[in-house]
Each structure stands twice: as C-alpha cells, then as structure tokens.
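Observations on the three-dimensional arrangement
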Amino acid sequence: MNDRVGPTVSRPYDHHDSRVAASGDRITEPPLDFIGWLRWFWRQLTSMRTALLLLLLLAMAAVPGSLVPQRTADPNGVTQYFADNPDLASALDKVQAFDVYSSVWFSAIYLLLFVSLIGCVIPRTRHHLRALRAKPPKTPARLGRLAGFTTRDAPAGTDAAAAIDSARSLLRFGGYRVALFESGSEVSISAERGFLRESGNLLFHLALIGILIVGGFGSGFGFSGQRVLVEGQTFVNTLLAYDSFKPGRFFDEERLDPYTLALDSFDVEYETLNLKAYGQPVDYTAGVTVAVQGKTARTDEVKVNAPLRVAGTDVFLLGNGYAPTITVRDPKGNIAFTDSVPFLPQDANLTSLGVVKVPDGLAQQLGLTGFFYPTQAKAQSGAYFSSFPDLEYPMLTLNVYAGGLGLDAGVPASVYALNTDKMTQLTGGDTGTKSLELKPGQTQELPNGLGTVTFENADSGATDGDFSGSVLRFASFDVNNDPAQGWVLLFSVLALLGLLTSLFVPRRRIWVKAIRRENGSVCLEYAGLARGDDPALEAAVFTLAKRHNAVLAPTPPSTQTTEPI
Amino acid sequence: MFALALVLAFAVSGCVSDSLAAQYREGSGKNYIAGDGTVTEITAENRAAPVDFSGTLESGETATSADYRGRVLVVNFWYAGCAPCRAEAPDLQAMWKKYENLGVGFLGVNIRDRTDTARSFSETFGITYPSAIDADNGALQLAFSGVIAPNAVPTTLIVDKKGRVSARILGRISDASILDALIKTALEESDQ
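Below or above, wherever it landed, is the structure these notes cover. (Residues numbered from 1 in each chain as written. Chains lettered and ligands numbered in written order. Predicted model: local features only at pLDDT ≥ 70, side-chain atom pairs only at ≥ 80, totals over all residues. Heavy atoms only, no water.)

All names here are of chain B. Scanning all chains against the criterion turns up one disulfide over all chains. The side chain of Cys82 participates in a disulfide bridge whose partner is Cys85; the two sulfur atoms lie 2.1 Å from each other. Every disulfide takes its handedness from the sign of the S-S torsion; for Cys82 and Cys85 that torsion is 85°, giving right-handed. As far as the burial class goes, Cys82 and Cys85 line up, both buried. (Disulfide = S-S within 2.5 Å. Buried < 20%, exposed > 50% of the residue type's maximum accessible area, 1.4 Å probe, protein only.)

On the surface, a cluster of negative charge is contributed by Asp252, Glu253 and Glu254 of chain A together with Asp18 of chain B. Secondary-structure assignment places Asp252 of chain A in the loop between β6 (244-247) and β7 (259-270). Classification of Asp252 of chain A by relative accessible area gives partly exposed; the value is 37%. (Patch = residues over 30% accessible without salt bridge, like charges linked within 9 Å, V, L, I, M, F, W, Y side chains within 5 Å. Areas by Shrake-Rupley, 256 points an atom, 1.4 Å probe, with all protein chains shown as cover. Salt bridge = Lys/Arg side-chain N within 4 Å of Asp/Glu carboxyl O. Lys, Arg positive; Asp, Glu negative; His and termini not counted. Charge placed at Lys NZ, Arg CZ, Asp CG, Glu CD. Helix = DSSP H or I, 4+ residues; strand = E, 2+ residues; numbered from the N terminus.)

Residue and element names in this part refer to chain A. If you walk across this open sheet you meet the five strands as β6-β4-β24-β11-β10, and the pairing is antiparallel. Looking at the sheet topology across the chains shown, the edges are occupied by β6 and β10 (308-310). Across this sheet, the average inter-strand angle for adjacent strands is 25°, counted without regard to direction. Inspection of the sheet shows strand β11 (residues 313-323) paired to strand β24 (residues 472-481) by nine bridges, in the antiparallel sense. Along β24, the bridge assignment pairs Leu317 with Phe477. (Pairing = 2+ DSSP bridges. Axes fitted to C-alpha atoms, helices over the stretch in contact; angles between N-to-C directions.)

Glancing now at the pairing of strand β4 (residues 223-230) of chain A. Residue and element names in this part refer to chain A. By the criterion of burial, β4 is predominantly enclosed, with eight of the eight residues buried. Residues Phe223, Gly225, Arg227 and Leu229 of β4 are buried on one face, and the alternating residues Ser224, Gln226, Val228 and Val230, pointing to the opposite face, are buried as well. Here β4 pairs with β6 via four bridges, running antiparallel. Looking at the pairing, Phe223 lines up with Pro247 of β6.

Bringing the pattern of salt bridges into the picture now. For the structure on display, the rule yields 28 salt bridges over all chains. Linking Glu182 of chain A and Arg516 of chain A is a salt bridge whose minimum nitrogen-to-oxygen distance equals 3.8 Å. Within this pair, whereas Glu182 of chain A is found in strand β2 (residues 177-183), its partner Arg516 of chain A is found in strand β25 (residues 508-516), the two being separated by 334 residues in sequence. For Glu182 of chain A, a relative accessible area of 58% puts it in the exposed group. Between Asp160 of chain B and Arg47 of chain B there is a salt bridge; the shortest N-O distance is 2.8 Å. Here Asp160 of chain B, found in the loop between β7 (155-159) and β8 (165-170), pairs with Arg47 of chain B, found in the loop between β1 (38-41) and β2 (54-56); they are 113 residues apart in sequence, far enough to count as distant. One network of salt bridges, with partners in common, ties together Glu192, Arg507, Arg509 and Arg531 of chain A.

The subject of this paragraph is the nonpolar core. Leu261, Val328, Leu366 and Phe477 of chain A are the most contacted members of the largest nonpolar core, which totals 56 residues. Sort the elements by how many residues they give to this core and β7 of chain A lands first, with six residues. Viewed by domain, this core spans two of them, domain 3 (218-322 + 477-491) and domain 4 (329-468) of chain A, each represented by three or more residues. Not counting residues up to four positions away in its chain, the partners in contact with Val328 of chain A are Asn334, Ile335, Ala336, Phe337, Val358, Leu362, Leu366, Leu368, Leu446, Thr452 and Val453 of chain A. Core analysis: the next-biggest nonpolar cluster, separate from the first, contains 50 residues, Ile127, Val153, Leu157 and Ile183 of chain B among them. (Core = buried A, V, L, I, M, F, W, Y, C linked by side-chain atoms within 4.5 Å. Domains from an automatic or database assignment. Contact = heavy atoms within 4.5 Å.)

We now examine the interface of chain B and chain A. Taken together, the contact between chain B and chain A spans 55 residues of the former and 62 residues of the latter. Interface of chain B and chain A: buried area, both sides summed, is about 5100 Å²; carbon and sulfur atoms make up 59% of it. On inspection of chain B and its partner chain A, the count reaches four salt bridges. Between Asp243 of chain A and Arg112 of chain B there is a salt bridge whose closest N-O contact spans 3.1 Å. Of all the secondary structure elements, the ones that give two or more residues to the side of chain B that touches chain A are α1 (2-13), α2 (19-26), α3 (83-99), α4 (115-125) and α5 (139-144) of chain B. Of the residues forming the side of chain B that touches chain A, the biggest block, eight residues, is contributed by α1 of chain B. (Buried area = accessible area lost by both parts, 1.4 Å probe.)

As a further point, take the packing of helix α4 (residues 75-84) of chain A against helix α5 (residues 86-94) of chain A. Residues and elements named next belong to chain A. For the pair α4 and α5, the least separation of the axes is 5 Å and the interaxial angle reads 125°. Classified by the angle between their axes, α4 and α5 sit oblique to one another. Along the contact surface, α4 presents Tyr81, Phe82, Ala83 and Asp84, while α5 presents Pro86, Leu88, Ala89, Ser90, Leu92 and Asp93. (Parallel < 35°, antiparallel > 145°, perpendicular 65-115°, else oblique.)

To continue, consider empty space enclosed by the protein. Applying the stated criterion across every chain, the model contains three cavities of 30 Å³ or more. Along its surface, the largest cavity is lined by 26 residues, and Asp339, Val341, Pro342 and Val415 of chain A together with Tyr79 of chain B are the ones closest to its centre. Mapped onto the lining of the largest cavity, the elements with two or more residues apiece are β4, β13 (335-340) and β15 (352-358) of chain A. Residue classes in the lining of the largest cavity are distributed as 14 nonpolar, six polar and six charged. Each of domain 3 (218-322 + 477-491) and domain 4 (329-468) of chain A contributes no fewer than three residues to the lining of the largest cavity. A volume near 60 Å³ is recorded for the second largest cavity. In this structure, the second largest cavity is lined by Asn76, Trp78, Cys85, Ala89, Leu92, Phe121, Ser122, Ile127, Tyr129 and Ser131 of chain B. Secondary structure elements with two or more residues in the lining of the second largest cavity: β4 (73-78), α3 and α4 of chain B. If one sorts the elements of the lining of the second largest cavity by residue count, α3 of chain B sits on top with three residues. A per-class count over the lining of the second largest cavity returns seven nonpolar, three polar and no charged. (1 Å grid on protein atoms, 1.4 Å probe; cavity = no way out; pocket = protein on both sides within 12 Å on 5 of 7 lines; lining within 4 Å. Points joined across faces, edges and corners; volume = space filled by probe spheres on them. Nonpolar A, V, L, I, M, F, W, Y, C, P; charged D, E, K, R; others polar.)

Pasting the structure below:
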C-alpha cells in the first residue's frame, strides 16, 4: 500500500523525513582509521540486533547459575559441592561458575547490554524531541497514491478555506497536530498523530535501564541475614545474633534497626485425610512476638510466602524442623549441658540429622551425632526410618564420641558437623556398643562412666503415649532488606505502561485538501499514511470524510463518489 | 558514561570485598558472625547516651545498669560453643582478677546457651565474674544494640563510669594488653 513511503525497519517510528542523501554513482568505502573503527564498533554495539543478541546471551549465561550452587545464595551448598566433586569443583571455580552473577563474563555481557541500551536510547530520545517540535510535513501533491484516498464534492456554496478550517478543528479534536498549507487553488491541512507511540517506546527502554541500575546498585545497600530459632528463643536484629549474614556491597552496620523477634510457637498442619498426600505439610505458622526498641511488643505470624514486615526488614520463613532438648549430666548428676539442638531434616518425613557438642563439664569433651525420627519405623533391613513427619512415636539415636572437639584453639567449626579426627567413637559403628536410643523423657548411661544423657520431654505434663508436644520445633528465618524493591516495582510498572502505549497507539498522518474548481465548486480530498502497522487507517480516513461532510452540510449531499483504494 | 560503566563494573564484579561478605561466602556453618579484633574507641564527647539494662544472671539474680553506675564496666558477649570465646576466656578472667579490687565490673552476656551450659563453661575456665543469660529474651543484646553495637561474637565493650559505651573490641581479644589498656584509660577518666 505504501511501499514507497513506508518507514524502514531500522528507523525509529517517528523518523521524520530527512533530506535525500546526495546521490553518488557508486558506494565508496573509506579506509577506516582508529577513530573510524571506534565509531564502527559503537554503531555495531548500539544496534538493535546486538542488543537482542546480548539479551539472549545474558539469559544463556545465567543458566549455569541454576545448575551449580552459588556462593551468594547457598555457600554451604558450594562447600558441599567441593567435598563431593573436588576435581570438577576446582575446575568450575576457575571459570567462576560458583559466582556466575558477579563473574567476569557475566559482567561483560551485562555491561555491554547496558552500554548498548544507553547508546541506543539517547540518540532516539534526541530524535524524538526534535520530531515532537517539527511541523507536520507538507501535503503531498497527489493524494491519490495514498491510503484510504477519498474525494467528495463539497456542498454548494462551501468556501474552501472554511471547509479546511472545519476539518482542522475535527482533526485537532481527534488529537492530531495540524499545519495549514496553501498553494494556488488548493488549501490543505496536514495532520499527524501518535507521537505517544515513540514516547512509550522510549519510556519502556528508559525504564529497563532504570531496572538495571536499581537492580545493580540499589540492592547493594540491602542485606539478608539468617537465623535459626527454637521455640522460646529470641533473636535481636544485630550482627551479634545472626547465624550468617550477607551484606550488600554498600552495607553499613549502623543500618540495622534494633528489634527483638521471639519465636513463641511453631505450628505445622499435616494432611491426614487424603491418603495420596498423607503426611504432606499443609500449612506452617510461626507465632512470633516482635518488639521494636522503644515501642510495645506485638504478636504476629510468619508464614511461607507471607513475610513479616518490621523496622524496614522483611522476615521470611525459610525452613523448620525438630530441636530435641538434650541434657548431659556428669556422673555426680550435675548438668554439663542442656539445650534444644536443631536437627536438620533429611527427608519429607523429617528424619533429622544433628550434632551435639558438649565442650564443658565432663571428664572429656563429648560429641554426639544422631538421628531423630518423629515417627520411628523399622525397615526389614533393621534400619530405622521415619514414617510420618509429626510426633507420633519419636525416637532419638545417638552415637557418642569423646575427645577434643577442636573448639578451644579459637578456630571456628561448623555446628552441623563433628570433626572426629581427635575423638574416639564410643557407641555405634564398629565399636561393638549399640547406639544410644532414647524416647522423650528417657535417660541413658554414657559409656566409660562419663555420665548420662537425657532426651527431655518438652511437654512434661503429657499423658503416657502422647508425644504430640514432646519435642520443640525450630524455624529458620531470613531477615531481608532491599531498599531497591520499591524502585524496581516503579520501573517495572513504567516499562509495562510504556510497552502498552507503544503497542496500541497508532501513528498516522492524514491530509485533507480542498480544491477550488473553476466553476466555483469545491472538491475535497482525503488520504492517510500509516507509520508502522495501522490496519485501522483507511477506516479512520473514511470516518473523517463522513464526519467532515456532515459538519459542512447537515443533510447528506445527493452526489458523491468514493474511490476506495 | 565511561565513569558510570566503570563504577558499574566495580559494583557488578564485586571487587569490593569485606570480611562480612567473605564470611558469608565461606559457608563454614559456624553459625556466628566473627570479628577480627578491631578496636573502636570513642572520645568522651562523642559517646552515645548511657545504656540502661537489666538481665538475669546464671545465679538467678538480676543485674541492672544501676549496679555499675560510677564504675567502669566490661561487658563480654559470648556463648560456650563459640571457639574464639573459649580462646579469650582466660584473658578475660585474668583481667577480672587484676581489676576486681579496683572497682571495675565484669559482666558476661551469654547470647545462645541455657544457664547450666553457661555454668559448665565458667567452671571449665574458672570464670568468677557473673554472666547474664540472654538467649531467651535478648534484653541485653537489645539494650546494647545501636551505634556502637556488638557486631560480632565475641564482642567486648567497655562502659565508662557514666554508663556510656567508650570502647569496643569486635572478635577475639587478640592480646590481653589491649583490654588492659582500654580499662586503664576508662579508669583514668574523671568522674565528671
């Protein structure tokens, strides 16, 4: 339809008619000097094709990040990976596979994309601003070649200038920018609309840059910290109290607002009616008490995907499990150690693995490793397993190690692992002594007369056989602060709005021409030009012609010719 | 634009590394934030408001800030399973012995353990100054959080005679003489 005048793909939508390049007989390629090459490189980088390619590359480069654990997200997973595949891990580490999102190659793509976007958006913005100020172009001499060409005879006695004037107000009312042209016997109006399309397009790109900036920088001011709390324990929002803490790049320790968060209760609901999903957790609820310094305490809840908002932080519920309360006494009956020790769940039925370190109060330091089964069952092989995640028939088995725990030299050690290099195993394994087996409330002698170990019943008033409250639960929380959150939302909304605008606002030109005939009558011509896809253009031209004629003559004219093209 | 790209390059590639981030990336599972022995001293005019606190001791008695007003107080945040806390315990006890009769108060704040576990620790190391058990309500941790907060385990704070935090050691006390000097400085300050 408009094959001659239609915009080429690489041009911006609002590319206004530029001067025709001076014609040359043949294309000459000038030899490129250093600056020339730089310019060539810049052009390549800021081209749309490169931007798309970089975007695709970025997506592909992010894939390894989900295949191997990342230090920024799961440092323990990385440690484990090194232990499981030492050779592969060190090779992967050399190509920064454990730090994908901050690796040299990922950063390179990210930065190039960033520069490419900026390099693309700035000239387009300049161009758009110029186009916004420019007058609609001169009316073409022969409208007959254009889309939706329509001619009508104006009602008798119509003045050409007045007809164009009424067309102008119609078009203006329709949101067009208009310009009047007059040459000889012709008066015409040139109208253009749809600049919002490119504005939306630019807004979309600028918002994308905004997201990149606040994503890259904004999150640097935030932090996330993790802490495991057993029912009854309190956490204070200071570095002192965190188990692990991930600071943003620009994190300042003074940014932690002090508050306390106490885990009062942790409730889990399990599916017991639907046999196909028997034992599946239905709901987790952490009942907490929060007290911000200087304010009264309030009780609240934290659920999965329903974080608690307090003092600028979001407290997420990450995991949970059982924390059996274990008491170790010396031979005289004095308590050497008592605590509720979080055991890490190993399967869906919460078979849990834990380590208890008893550094003081006994003749030797003691390490206990053990399994906790909330509902203990026995496989045919004789091995224990848990058959249900709730406390139906709880059982704790412990292997006892004696010797140096390796804590006294001041070297930190994992609380979830026992280094047995300097310890002797006393029960379980090859020792010939059976592992200690305890039900809530039971006490057993430790080997070698070291003392006793008790699996305390947390619900001491419970009737026989009711274990439902016998073991405390723990919850692990992630305290998260991301000051960029609101900005990311804002820019995302802007990007979406920009995209919608750029998709749905049509950009078109319409011309109305009044030609004075020698006999005094006036002939009206209408035509339009689509800029980009505009299936409704012809209809728009016809509608304009109809409405214009209705304005000029309240009764429909008797003769009319319409030439659809 | 180049400057922006450069800044971004630093930000994205994470060239800015610090010990806090390094500890996280290590993934050792040690379950506390360690300090490197950094000492912070605050001049008298820059100190924050006096800290008011109240906590329950191992013995069941209550310790409050009023008990220590007019005296220099050393507050040590610790727990039994923390390796550097165990390593510095003898130094703290030695300083307590040295300054006990000079009116200096020592107060441990146990942030993770139950009373009996804390008591066994004190027996192992012959600690004779009291410790408050803070795991269940966090009262003392909250009281001391703020500008010069205990940001590592262990942390040792020196509280001046007016009850204001005057110095902080983050992490294990690398040398008893450092603590000695800090206490001496606090003692020499006039009461006004």
